[in-house]
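# Analysis of the macromolecular model
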Amino acid sequence: MNVNEVRFLLRVAIPGLVISMMMTHCIADNQKAPDETAQTMTGDKARKIVVLQPDTSRLASIIDINGEIEILGDGFTWSEGPLWIADQQMLLFTDVPANKVFSWTESGGVKEYLHPAGYTGAGTHSKEPGANGLALSADGHLLLCQHGDRRVARMEAPLREPKAVFSSIADAWQGKRFNSPNDLIVNSKGQIFFTDPPYGLDKQADDPTREIDFQGVYRRDPDGQVHVIVKDLSRPNGLALSPDEQTLYVANSDPDRAIWMAYTLDASGNTIVEKLFYDATSLVSQHKGLPDGLKVNRKGILFATGPGGVWIFDPLGTPLGRIETGQATANCALNSDQSVLYMCADDYLMRVRLKS
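Residues numbered from 1 in each chain as written. Predicted model: local features only at pLDDT ≥ 70, side-chain atom pairs only at ≥ 80, totals over all residues. Heavy atoms only, no water.

### Observations concerning the pairing of strand β8 (residues 131-136)
Counting buried residues along β8, five of its six residues qualify, which places the element largely inside the surrounding structure. When β8 meets strand β9 (residues 142-146), the two strands line up antiparallel, connected through four bridges. Within β9, the residue paired with Ala131 across the bridge is Gln146. Hairpin connection of β8 to β9: five residues between the antiparallel strands, including Gly140 at a positive phi of 85°. (Buried < 20%, exposed > 50% of the residue type's maximum accessible area, 1.4 Å probe, protein only. Helix = DSSP H or I, 4+ residues; strand = E, 2+ residues; numbered from the N terminus. Pairing = 2+ DSSP bridges.)

### Some thoughts on the packing of aromatic side chains
Inspection of the entire model under this criterion finds 19 aromatic pairs. Judged by centre distance (5.4 Å) and plane angle (80°), the rings of Trp173 and Phe214 are edge-to-face. In this pair, Trp173 sits in strand β12 (residues 172-173) while Phe214 sits in the loop between β15 (192-196) and β16 (216-220), placing the two residues 41 residues apart along the sequence. Taking the relative accessible area as the measure of exposure, Trp173 reaches 12% and is therefore buried. (Phe/Tyr/Trp six-rings, centres within 6.5 Å; stacked < 30°, edge-to-face > 60°.)

### Some points on the nonpolar core
Counting 22 residues, the largest nonpolar core has Phe303, Ile323, Leu341, Met343 and Val352 as the members making the most contacts within it. Mapped onto this core, the elements with two or more residues apiece are β2 (48-51), β24 (309-313), β25 (319-324), β26 (329-334), β27 (340-345) and β28 (348-353). In this structure Leu341 touches Phe303, Val310, Ile323, Cys332, Ala333, Leu334, Met350, Arg351, Val352 and Leu354, once residues within four positions along its chain are discounted. (Core = buried A, V, L, I, M, F, W, Y, C linked by side-chain atoms within 4.5 Å. Contact = heavy atoms within 4.5 Å.)

### Overview of the sheet that holds strand β20 (residues 257-265)
Read across the sheet, four strands follow the order β18-β19-β20-β21 without closing on themselves; strand pairing throughout is antiparallel. Each end of this open sheet is capped by a strand with a single partner; those strands are β18 (236-241) and β21 (271-279). Within the sheet, the average angular offset between the axes of one strand and its neighbour, ignoring direction, is 25°. Pairing analysis gives four bridges linking β18 to strand β19 (residues 247-254), with the strands arranged antiparallel. Each residue of the ladder has a partner; that of Leu241, found in β19, is Leu248. (Axes fitted to C-alpha atoms, helices over the stretch in contact; angles between N-to-C directions.)

### Comments concerning unusual backbone geometry
Cis geometry is found at the peptide bond from His115 to Pro116, where omega equals 0°. Residue Arg150 is not a glycine yet carries a positive backbone phi of 60°. Within the secondary structure, Arg150 sits in the loop between β9 and β10 (151-155). By relative accessible area, Arg150 is classed as buried at 4%. The phi angle at Asp346 is positive, at roughly 60°, despite the residue not being glycine. Counting through the fold element by element, Asp346 comes out in the loop between β27 and β28.

### A short note on the confidence of the model for the protein chain
This prediction gives the protein chain a mean pLDDT of 90; 87% of its residues lie at or above 70. Below a pLDDT of 50 lies the segment residues 3-30, which in the model reaches 86 contacts outside its immediate sequence neighbourhood of four places, other chains included. Confidence over residues 34-42 falls short of pLDDT 50; this stretch has 20 contacts with residues more than four positions distant or in other chains. (pLDDT = per-residue confidence, 0-100.)

### Some words on the pattern of salt bridges
Within this structure, the stated rule accounts for eleven salt bridges. The partner of Asp221 in a salt bridge is Arg219, with the nearest N and O atoms 2.7 Å apart. Classification of Arg219 as buried rests on a relative accessible area of 3%. Within this structure, Glu70, Glu106, Arg351 and Arg353 form a network of salt bridges that share partners. (Salt bridge = Lys/Arg side-chain N within 4 Å of Asp/Glu carboxyl O.)

### Let's talk about the sheet that holds strand β5 (residues 90-95)
The strand order β4-β5-β6-β7 describes an open sheet built from four strands, whose pairing is antiparallel. Across the chains shown, the open sheet's two edge strands, defined by having one partner strand only, are β4 (79-85) and β7 (109-114). On average, each strand axis in the sheet is inclined to that of its neighbour by 30°, with strand direction left out of account.

### Description of the side chain of Asn187
Here Asn187 is to be found in the loop between β14 (184-186) and β15. A polar side-chain atom of Asn187 sits 3.0 Å from the main-chain amide nitrogen of Lys189. For Asn187, the side chain forms a polar contact with the side chain of Gln191, separated by 2.8 Å. Leave out the neighbours within four places in its chain, and Asn187 touches Phe193, Leu241 and Glu245. (Polar contact = N/O pair within 3.5 Å; in protein donor to acceptor, adjacent residues only side chain to side chain.)

What follows is the structure, encoded as structure tokens:
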């Protein structure tokens, strides 16, 4: 997501951790958000879990609607790209403007993990030079969407001994350099799906170094071939696959078209059917944040960052609830047993317990 589009100029102080529950009206049409009354809240009151359906049991089966939203770390410039590393019980996440990757563990807290992370050249590059989305390759290496280097890269070092030595996995389409790969996901075949908005370029869409005149969604096959599969989204951002890997969900972080799309994939990973999953454009002026990162659990429930925080959708696109962080929320990640959701929200790292 573009930091300048979603951040407020004034910070919000967060002195406590009191969670409240708010019932809102039912959303009858699950593809378009209703108008909501704009609210201005500060401090602990800005963090709550909101129920979006009259039947609270649907959301309550996923998350404790009175649960605590914990702050695990703060002071980052713009936190992004969380990834759970199961064998180390460790969360990795990025700070895009700082060009760093951080780690978090229960015992050790937050530590710097990797620097540089997204731009490995000399001098300065742009306001968002660092790595964004993170994933693991089939052989357990860290994959990074590197804004500054304009590529999807693999870290050529063990996860326990990280070093800023990278090799390109994908850096061009038809001989043209990518804009700035943003987020990625790897399926069971080893195919890598990733998005390519212009947020890492110095002048973004108007940058003179831009070589591709659209913001695409791509697929990189194990043989190294790169294919564009979506070309008509204005700001493709976060993406995720359904449990059966037959549906690709893509967030569009455009304030004028703040939507999530669902694409049916064929056996090769090409899109064959597209569908509007949910439209939150009407809420952009009322809540911090835009559609950005998203994750899908084994039951097909979507956790999608967007206006207000993290939206919780059923597989049909019905919004069940929203975890309101009080911040523009960039991305989220599940732990191994899907009992915890980690959230990168502006300069904070947060978590909330789930019912796995």
